[in-house]
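Read off the chains here:
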Amino acid sequence: MKSFFPDDFLWGAAAAANQYEGAYAEGGKGLCIQDVMPGGSRRPPTDAPTSGNLKLAASDFYHRWEEDIALMAECGLKTFRTSIAWSRIFPRGDETEPNEEGLVFYDRVFAKLRESGIEPVVTLSHYETPLHLARRYDGWADPRLISFFERYARTVMERYKGIVRCWLTFNEINNILNAPLTAGGIWTPAERLSKQTLFEAIHNELVASALATKAAHEIDPDNKVGCMVIASPFYPLTPAPEDALAALDAERANLLFSDVHVRGEYPAYAARYFEENGIDPHFIRNDQETLKKYPVDFIGLSYYFSSCASASEKTGDGLPHGGSGNPFLEKSQWGWTIDPKGLRYVLNTLYDRYRMPLFIVENGLGARDRLIRGDDGSCIIEDDYRIAFLRDHLIQVNEALHDGVGIMGYTMWSFADIVSASTAQFSKRYGLVYVDRNDDGSGSLARFRKKSFYWYKDIIASNGENLDR
Ligand code: BGP
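Residues numbered from 1 in each chain as written. Predicted model: local features only at pLDDT ≥ 70, side-chain atom pairs only at ≥ 80, totals over all residues. Heavy atoms only, no water.

### What to know about the site of the ligand
Part 1: The local shell around the ligand holds 14 residues, among which Gln19, Glu172, Ser422, Lys428 and Tyr430 are the closest.
Part 2: One of the side-chain N or O atoms of His126 is found 2.8 Å from an oxygen atom in the ligand.
Part 3: The separation between an oxygen atom of the ligand and a polar side-chain atom of Lys428 is 2.7 Å.
Part 4: Across the complex, the protein chains shield 95% of the 380 Å² of accessible surface that the ligand would expose by itself. (Near = heavy atom within 4 Å. Polar contact = N/O pair within 3.5 Å; in protein donor to acceptor, adjacent residues only side chain to side chain. Areas by Shrake-Rupley, 256 points an atom, 1.4 Å probe, with all protein chains shown as cover.)

Below you can see the structure in the form of structure tokens.
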């Protein structure tokens, strides 16, 4: 296969603090929303951390980072994307002084990555709002979070200046539409949340993202900042014009977030949506200048599946972001459609719309793996299905590059097995590295390289040339 991957393509892998680190109450860390979400993003939170919550210990990266970074280096990763747990730095979120122990932890992690030739890409907020901010302020519904977030962003950007040069503001910011607690720290249950409050919260995050971008550029002109959006395309379920319009509407709900981040203003279609949904957009007025002045440098995106939109049918089909399934596509063990060409489609759509560099910061397959122990103590995980998934998607990335799309990099999800965000299971594994842990919490946490580890290593080393082997 002819490879169109540029020489400086950022091949890598990703994770998030709350799904990977564990040590939820160590090093002065405060609680975050995930510490009381034992059932994942679709179940109500508990009052306090409960023993069945797998995120509390997660994959124990907090204690095993040296071993894991050595594995990343062995795999040849050029970049590793992870998040800083906001509540390690500001345990409650609204303090004025940061927690030094939390800062020291990331000093070590980022320095080790650099020493190993791996560029850290850091998400400031990956579904892990400090719990105090969720409970006391109702999360991003309160505009005071903007200054708390700005303080946090400035603190870590000053501290890791020259070490971290690539930042993402809010993970899957558009997922607040489906999961207001997960993506917006909003404690009010989704069914009681008014659209007015939801859009005020969205606006507060957008302003905070612009101010973080401003801070990043002031602190170090070499910093690059991206937004991070779910780029899950909607196809019309049928050729009926009504379904095409339904798909347009569904796409626009997602695109509003990148529109504001890139163009610095709300899109024209927002006005009618606000009017028809009884939303008074007064909140926009004061911040127009901020949004306009500080657009992002690139667009970070996650891609897992596509879905279909229909004007008449509302099946949902178990896909996380609404939408119907697609009779032409296979599904994963968790019911997510598998659509490699959808990635090429969405990369082209976004690049046509914005002409701004894209960075695929999440893409992968959640699947059950079987660890086979040999008599000699060796362990084998033959995850050919994961290799097929990654290969098919990367072939489409290559196609998109050939189409002329500007793509900075690809960080597959996830480097090692971690706790699932939506279901909070450990058995929904995404890693190149197997972590010995089970859904009941048992397991040694030992690491084993999967077959996909060796495959990805070869793909990186060949800069994509070996994708069709
Ligand atoms: C994205 C999130 C991640 C991640 C991934 C896979 O939505 O940004 O945090 O977990 O999806 O989803 P899940 O873990 O629910 O299978």
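### Quick notes on the pattern of salt bridges
Part 1: Scanning all chains against the criterion turns up 28 salt bridges.
Part 2: Ionic pairing is found between Lys292 and Glu265, a salt bridge with its closest N-O pair at 3.3 Å. Taken as a pair, Lys292 in helix H11 (residues 288–293) and Glu265 in the loop between helix H9 (241–263) and helix H10 (269–276) lie far apart in primary sequence, 27 residues in all.
Part 3: Lys292 gets classed as partly exposed once you look at its relative accessible area, which sits at 46%.
Part 4: With relative accessibility at 42%, the residue Glu265 sits in the partly exposed group.
Part 5: Shared partners join several salt bridges into a network, and the residues in it are Asp369, Asp383, Arg386, Asp417, Arg429 and Lys450. (Salt bridge = Lys/Arg side-chain N within 4 Å of Asp/Glu carboxyl O. Helix = DSSP H or I, 4+ residues; strand = E, 2+ residues; numbered from the N terminus. Buried < 20%, exposed > 50% of the residue type's maximum accessible area, 1.4 Å probe, protein only.)

### Here we look at the packing of helix H2 (residues 61–75) against helix H14 (residues 451–461)
Part 1: Two numbers describe how H2 lies on H14: the axes approach to 8 Å, and their chain directions differ by 50°. If you check the angle between H2 and H14, you find them oblique. In this structure, H2 uses Leu71, Glu74 and Cys75 to contact H14, whose residues at the interface are Phe453, Tyr456, Lys457 and Ile460.
Part 2: Taken together, the residues of the contact of H2 with H14 sort by class into five nonpolar, no polar and two charged. (Axes fitted to C-alpha atoms, helices over the stretch in contact; angles between N-to-C directions. Parallel < 35°, antiparallel > 145°, perpendicular 65-115°, else oblique. Contact = heavy atoms within 4.5 Å. Nonpolar A, V, L, I, M, F, W, Y, C, P; charged D, E, K, R; others polar.)

### Examining the sheet that holds strand E9 (residues 358–362)
Part 1: Taken in spatial order, the eight strands line up as E1-E2-E3-E4-E5-E7-E9-E12 and close into a barrel, and their pairing is parallel. Strand after strand, the sheet turns through a mean of 25° between neighbouring axes, direction not considered.
Part 2: Where E9 meets strand E12 (residues 407–413), three bridges bridge the pair, whose relative direction is parallel. Among the inter-strand pairings, Phe359 is bridged to a residue of E12, identified as Gly409.
Part 3: On top of the sheet, helix H6 (residues 144–159) reaches strand E3 (119–125) and strand E4 (166–170); it is set at about 165° to E3, its chief contact.
Part 4: The strands touched by helix H13 (residues 384–403) within the sheet are strand E1 (10–14), E9 and E12, with E12 carrying the most contacts at an inclination of about 170°. (Pairing = 2+ DSSP bridges.)

### So, the layout of surface pockets
Part 1: There is about 720 Å³ of room inside the second largest pocket.
Part 2: Around the second largest pocket, the lining comprises 35 residues; the ones closest to its centre are Ser41, Arg42, Asn175, Ala179 and Thr182.
Part 3: By residue number, the principal contributor to the lining of the second largest pocket is helix H7 (residues 180–184), which donates three residues.
Part 4: Here the residues of the lining of the second largest pocket sort into 18 nonpolar, 11 polar and six charged. (1 Å grid on protein atoms, 1.4 Å probe; cavity = no way out; pocket = protein on both sides within 12 Å on 5 of 7 lines; lining within 4 Å. Points joined across faces, edges and corners; volume = space filled by probe spheres on them.)

### Thoughts on the pairing of E12
Part 1: Of all seven residues in E12, six are buried, a share of seventy percent or more.
Part 2: Relative to E12, E1 runs parallel, the two being bridged by five bridges. Bridging across to E12, Ala13 finds its partner in Met412.

### Brief notes about the environment of Ala246
Part 1: Considering the arrangement of structural elements, one finds Ala246 in helix H9.
Part 2: Separated by 10 residues in the primary sequence, Ala246 and Pro236 have C-alpha atoms spaced 7.1 Å apart.
Part 3: Among all residues touching Ala246, those that are not within four sequence positions of it are Ala309, Ser310 and Ala311.

### Here we look at the nonpolar core
Part 1: By size, the foremost hydrophobic cluster in this structure holds 133 residues, and its most contacted members are Val397, Phe415 and Tyr456.
Part 2: Among the elements that make up this core, the one with the highest residue count is helix H8 (residues 195–219) (13 residues). (Core = buried A, V, L, I, M, F, W, Y, C linked by side-chain atoms within 4.5 Å.)

### Some words on the packing of aromatic side chains
Part 1: Within this structure, the stated rule accounts for 32 aromatic pairs.
Part 2: Seen from their ring centres, Phe9 and Trp11 are 5.0 Å apart, and the 70° between their planes marks the pair as edge-to-face.
Part 3: What makes Trp11 buried here is its relative accessible area of 0%.
Part 4: Measuring from centroid to centroid gives 6.3 Å for Trp455 and Tyr456, while their planes differ by 25°, and the two rings are stacked.
Part 5: Counting every residue linked through ring pairs, the aromatic cluster contains Phe5, Phe9, Trp11, Trp455 and Tyr456.
Part 6: Positioned above the aromatic ring of Tyr137, the side-chain terminus of Arg136 is 4.8 Å from the ring centre.
Part 7: Directly above the aromatic system of Tyr434 lies the positively charged group of Arg429, at a separation of 4.0 Å from the ring centroid. (Phe/Tyr/Trp six-rings, centres within 6.5 Å; stacked < 30°, edge-to-face > 60°. Lys NZ or Arg CZ within 6 Å of the ring centre and 35° of its normal.)

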